[in-house]
Amino acid sequence: MFERMITNSLISKAQTINPRQDMADRVKKS
Amino acid sequence: MLVEMYSDKAVRTAYLITGRVDIAEDITQEAFIQAIIPFNKKNAQFFKTRFYKILMRTSWKVAARTKEPIQVDSIEREANHNLADCFDVIDTIATKQGYEALYKAVSALSKHLNEVVVLHYYNDFSIKEIAQVLNCREGTIRSRLFKARKLLTQEIMKNGWDVSYFEDRRFRKEGHSHV
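Residues numbered from 1 in each chain as written. Chains lettered and ligands numbered in written order. Predicted model: local features only at pLDDT ≥ 70, side-chain atom pairs only at ≥ 80, totals over all residues. Heavy atoms only, no water.

*Asks:* Give a description of the overall build of chain B that names residues and reports values.
*Replies:* From N to C terminus, chain B includes eight helices and zero strands. Along the chain direction, N to C, the helices and strands of chain B fall in the order α-α-α-α-α-α-α-α. When burial is assessed residue by residue, chain B has 46% of its 179 residues classed as buried. The contacts of chain B with a sequence gap of at least 6 include a subset with a gap of at least 24, amounting to 61%. Working note: accessible area of chain B is about 9,900 Å², and carbon and sulfur atoms make up 49% of it. (Helix = DSSP H or I, 4+ residues; strand = E, 2+ residues; numbered from the N terminus. Buried < 20%, exposed > 50% of the residue type's maximum accessible area, 1.4 Å probe, protein only. Contact = heavy atoms within 4.5 Å. Areas by Shrake-Rupley, 256 points an atom, 1.4 Å probe, with all protein chains shown as cover.)

What follows is the structure in structure tokens.
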């Protein structure tokens, strides 16, 4: 269960950001 | 496309490693560029390993240059808004605080422990996959995960969180009679 909480903690933190959806364009342009 | 498949998770992984939202996308972009250039049909099956290898390396490189204190979510502000004598709300906030405490403990781990925790528990990588990404033996990865779990438990208990309550799928801080 502790392992599940580690996962939830990381997911919770990661979801505080919203990555832009233009990564493919950015990579293509580079 | 590969970029679309890995992009969101990769940006968030870079964010978890560096603690910096403003550079997580740049790191991911750089990792894609480096991983895609030598990419062809022959080595397609190795893209994930190669990409994450570069992503972790770039994240740590940038983190070493620019790391700032981990941003703390405005839990207190949220508490003031939402504490409406409702135990469910208190429970939710306690859980969020628990998550935040645990994330802080993860981010305070050494580089070697932090990266295995992020890859295993956030990216759902197997021991074997992590060993490939980090060029280590599987036994080493197992050992690091064991040590990381032990340190995380100690750290959050030191800060007053009662680990026994994890079985209730909740974090509860000692001294709260209901929550």
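From this point on, the discussion continues.
*Asks:* So, a positive patch on the surface: which residues are in play, and what are the values?
*Replies:* Residue and element names in this part refer to chain B. On the surface, Arg50, Arg57, Lys61 and Arg65 cluster together to form a positively charged patch. On the secondary structure map, Lys61 appears in helix α3 (residues 47–66). Taking the relative accessible area as the measure of exposure, Lys61 reaches 53% and is therefore exposed. (Patch = residues over 30% accessible without salt bridge, like charges linked within 9 Å, V, L, I, M, F, W, Y side chains within 5 Å. Salt bridge = Lys/Arg side-chain N within 4 Å of Asp/Glu carboxyl O. Lys, Arg positive; Asp, Glu negative; His and termini not counted. Charge placed at Lys NZ, Arg CZ, Asp CG, Glu CD.)

*Asks:* Lay out the pattern of salt bridges in plain terms, naming residues and giving numbers.
*Replies:* Think of it this way: side chains of opposite charge can pair up when their charged atoms draw near. Overall, the coordinates contain ten salt bridges over all chains when judged by the stated rule. We note a salt bridge from B:Glu100 to A:Lys13, for which the minimum N-O separation is 3.7 Å. Placement of the pair is B:Glu100 in helix α5 (residues 87–107) and A:Lys13 in helix α1 (residues 2–14), with the two residues belonging to separate chains. With respect to burial, B:Glu100 and A:Lys13 carry one shared label: buried. B:Asp22 is paired through a salt bridge with B:Arg20; the nearest N and O atoms lie 2.6 Å apart. B:Asp22 sits in the partly exposed class, given a relative accessible area of 47%. Look at the salt bridges and you will find they share partners, linking A:Arg20, A:Asp22, A:Arg26, B:Glu25 and B:Asp26 into a network.

*Asks:* Run through the interface of chain A and chain B, naming residues and quoting values.
*Replies:* Each partner contributes residues to the interface: chain A has 25 residues there, and chain B has 36 residues. Interface of chain A and chain B: buried area, both sides summed, is about 3,000 Å²; carbon and sulfur atoms make up 70% of it. Of all residues in chain A, A:Phe2, A:Leu10 and A:Lys13 give up the largest surface area on contact with chain B, accounting jointly for 24% of the area buried on that side. In this structure, the connection of chain A to chain B is made through five salt bridges. One salt bridge connects A:Glu3 with B:Arg149, and the closest N-O pair in it is separated by 3.2 Å. Our count for the contact surface shared by chain A and chain B stands at 13 residue pairs in polar contact (both at pLDDT 80 or more). (Buried area = accessible area lost by both parts, 1.4 Å probe. Polar contact = N/O pair within 3.5 Å; in protein donor to acceptor, adjacent residues only side chain to side chain.)

*Asks:* Give me the environment of B:Glu25: which residues, what numbers.
*Replies:* Examined against the element boundaries, B:Glu25 turns out to sit in helix α2 (residues 21–36). The class for B:Glu25 is buried, based on a relative accessible area of 13%. Each C-alpha atom of the pair B:Glu25 and B:Val117 lies 21 Å from the other, and the pair is 92 residues apart in sequence. With near-sequence residues (within four places) excluded, B:Glu25 lies in contact with A:Asn18, A:Pro19, A:Arg20, A:Met23, A:Arg26 and B:Val11.

*Asks:* How would you explain the nonpolar core if you had to name every residue and give the values?
*Replies:* Formed by 59 residues in total, the largest nonpolar core has its most connected members in A:Leu10, B:Phe51 and B:Val117. When residues of this core are assigned to their parent elements, the largest contribution, nine residues, is made by α3(B). Once you skip the residues sitting within four places of it in the chain, B:Val117 turns out to touch A:Ile6, A:Leu10, B:Val106, B:Leu109, B:Tyr122, B:Leu145 and B:Ala148. (Core = buried A, V, L, I, M, F, W, Y, C linked by side-chain atoms within 4.5 Å.)

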